[in-house]
Amino acid sequence: MTVGEMQAEQSRPDLRDGPFTTRQLLRLDEVLRLANRGTDLNFSVYVGPLEEPVREHALRLHSQLADPADSVLIALSPNQRQLEVVTGSVARRRIPDRDARLAALSMVAAFGGGDLAGGIIAGLNQLASRAGKS
Amino acid sequence: MVGCSHASVRPATRDLFFRLGALRLSVTDTLLIFVAVPLAVVVVIAALGYVGNRGGSGDKRYRPGRHFDFAPVWFVNHPEQLVESGRAEITEGERKPAVTTGNLEVAGAVAPAGETGGASDRW
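Residue positions are counted from 1 within each chain, in the order its sequence is given. Written order determines the labels here, with chains lettered from A and ligands numbered from 1. Local features in a predicted model are, by the rule used here, given only for residues with pLDDT of at least 70; side-chain atom pairs are given and counted only at 80 or more, and totals for whole chains, interfaces and linings are based on all residues.

### A few points about the overall build of chain B
For helices the rule is a DSSP run of H or I covering at least 4 residues; for strands it is a run of E covering at least 2, with both sets numbered from the N terminus onward. What chain B contains, in helices and strands, is four helices and two strands. Along the chain direction, N to C, the helices and strands of chain B fall in the order α-α-β-α-α-β. In chain B, which comprises 123 residues, the share counted as buried stands at 10%. Here a residue counts as buried when 20 or more other C-beta atoms sit within 10 Å of its C-beta, as exposed when there are 12 or fewer, and as partly exposed otherwise, the C-beta atoms being derived from the backbone.

### Some points on the overall build of chain A
Helices and strands together make up the secondary structure of chain A, namely five helices and four strands. Starting at the N terminus, the α and β elements of chain A follow one another as β-α-β-α-β-β-α-α-α. A buried classification covers 47% of the 134 residues belonging to chain A. By the convention adopted here, residues make contact when the C-beta atoms placed from their backbones lie within 7 Å. Sequence separation of at least 24 residues holds for 55% of the intrachain contacts in chain A that already meet a minimum separation of 6.

### Observations regarding the environment of Arg93 of chain A
All names here are of chain A. With respect to the helices and strands, Arg93 occurs in helix H3 (residues 89-94). Looking at Arg93, the number of C-beta atoms within 10 Å reads 14, which means it is partly exposed. The spacing of Arg93 and Ala131 is 38 residues in sequence and 8.8 Å in space, taken between C-alpha atoms.

### Some thoughts on the nonpolar core
In summary, soluble globular proteins display a tendency toward joint burial of nonpolar side chains. Ranked by size, the top nonpolar core spans 44 residues in total, and within it Leu73, Ala75 and Leu124 of chain A carry the most contacts. At the level of secondary structure, the elements contributing two or more residues to this core comprise helix H1 (22-39), strand S2 (42-47), helix H2 (54-64), strand S3 (71-77), strand S4 (82-87), helix H4 (97-112) and helix H5 (116-131) of chain A together with strand S1 (73-76) of chain B. Considering every element that reaches this core, the biggest residue donor is H5 of chain A, with seven residues. As used throughout, a nonpolar core is a set of buried Ala, Val, Leu, Ile, Met, Phe, Trp, Tyr and Cys residues joined through C-beta atoms within 7 Å of each other.

### Focus: the pairing of S2 of chain A
All names here are of chain A. In terms of residue burial, S2 counts as a mostly covered element, since six of its six residues are buried. Taking every second residue as pointing to the same face, both faces of S2 are buried, with Asn42, Ser44 and Tyr46 on one and Phe43, Val45 and Val47 on the other. Pairing between strands is defined by DSSP: at least two bridges between the two strands are required. Taken together, the six bridges between S2 and S3 define a ladder with parallel strand orientation. Across the sheet, the residue bridging to Tyr46 is Ala75, located in S3. Seen with the strands pointing away from the viewer, any crossover whose path from the first strand over the helix to the second strand runs clockwise is right-handed. With H2 bridging S2 and its parallel neighbour S3, the resulting β-α-β unit is right-handed.

### Regarding the packing of H1 of chain A against H5 of chain A
Residue and element names in this part refer to chain A. Under this scheme, a helix contributes an axis fitted over its contacting stretch, all axes are lines through C-alpha atoms, and angles between N-to-C directions fall in the 0 to 180 degree range. Two elements in contact, H1 and H5, have axes separated by 10 Å at closest approach and are oriented at 10°. In terms of orientation, H1 and H5 fall into the roughly parallel class. Contact with H1, carried on its side by Gln24, Arg27, Leu28, Val31, Leu32, Ala35, Gly38 and Thr39, involves Ala117, Ile120, Ile121, Leu124, Asn125, Ala128 and Ala131 of H5 and no other residues of that element. Broken down by class, the residue content of the contact of H1 with H5 amounts to ten nonpolar, four polar and one charged. Angles are sorted into four bins: roughly parallel if under 35 degrees, roughly antiparallel if over 145, roughly perpendicular if 65 to 115, and oblique for all others. Three categories are distinguished: nonpolar for Ala, Val, Leu, Ile, Met, Phe, Trp, Tyr, Cys and Pro, charged for Asp, Glu, Lys and Arg, and polar for the others, with Gly belonging to the last.

### Describing H1 of chain A
In a helix, the anticipated span is given by 1.5 Å times the number of residues less one. Its 18 residues place the ends of H1 of chain A 26 Å apart at the C-alpha level, agreeing with the 26 Å of an ideal helix rising 1.5 Å per residue. Turning to H1 of chain A, the residues buried within the fold contact S2 and H5 of chain A together with S1 of chain B. The positive-phi residue at the C-terminal boundary of H1 of chain A is Asp40 of chain A, with phi of around 65°.

### Remarks on H2 of chain A
Along H2 of chain A, eight of the eleven residues are buried, which leaves the element largely enclosed by surrounding structure. Considered for burial, the residues of H2 of chain A that qualify are Val54, Arg55, Ala58, Leu59, Leu61, His62, Ser63 and Gln64 of chain A.

### A word on the confidence of the model for chain B
Caution is warranted with low-pLDDT regions, since their predicted coordinates should not be read in detail. Residue and element names in this part refer to chain B. pLDDT measures the predictor's confidence residue by residue and takes values from 0 up to 100. For chain B, the mean per-residue pLDDT works out to 67, and 48% of the residues sit at or above 70. For chain B, the element scoring lowest by mean pLDDT is helix H4 (residues 101-105), at 39; strand S2 (residues 117-122) scores highest, at 91. Note on residues 1-8: pLDDT is under 50 here. Beyond four places in sequence and across chains, it has zero contacts. Counted against residues more than four places away or in other chains, residues 83-113, with its pLDDT under 50, gives 38 contacts. Under the prediction, the complex receives an ipTM of 0.79, its pTM being 0.63.

So this is what it looks like as C-alpha cells:
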C-alpha cells in the first residue's frame, strides 16, 4: 500500500535526482497515502516531461494505471509549465470537472511561485476533500 | 655627568622592550604567521562552503521560466501492477477515443458516465 515511485522508463532512478527534497518526498507520501485511504480513489502524481499533445499524453499515462476508472492523475511538466488533471469515469462522478479545475487553479498558483511540492500537496488535499469519504 | 649616565642606560632598556615584541620575528616567521595562516583559514572555509553548497538542495530549486533538470517521477498506488500491465494497457489506451478538450472546457457540466474528466492549466 505504500506509495511507489518510478520513472516513465520503468527503471528505478535515484530519488535524489528527482525534483523533490527528502522532506518534500515524505510529505508527498503522507498526503498521497491519506488521500488514497480517505477516498478509496487512486491518486497518482506524475512530474516529468509531457509529449505534445499534452492532454493525450496525460490520458495515456492515466490509462496505464492499475484501475483507470477509479484513478485521478495529476500530471505536470515544470519545464513546459503544463498541468493536467485526469479523473477516471468513476472518479469523475465524485470530483466534477469544475472542482478539478479549481484544484488545478490553486496548484498552478503555487507552481507559478516555484513551489512544486506545495502545489501538489494543496491540489491533492483539495481533490481528496472534494471526493470525500467513499 | 648625571645626564651622561642617563644616556647610557636608556638605549639599553629601550632595546630590551622592543626586542620582546613582534620585532623579534624573522621575515619568514612573519610571513608564515601573518600571511600563510590566514590564507589557510580562508581556504578551509571556502572549501567547506563549496562542498556544503554542492551537497545541499539549494541548487535543486525550481524557478518558473528557468530550465529545471531532474529525473521524472511518478507516484502511484500500486507500482507493481503498473509495471506488469503497463505495456499492454498503453496499446489498449490508444484505441480508446480520446476526450476532446472542447468537452472539458465546459465547466461544471454534468459528467457523462464512462468518460475521463479533469482539467488543464498552465502557469
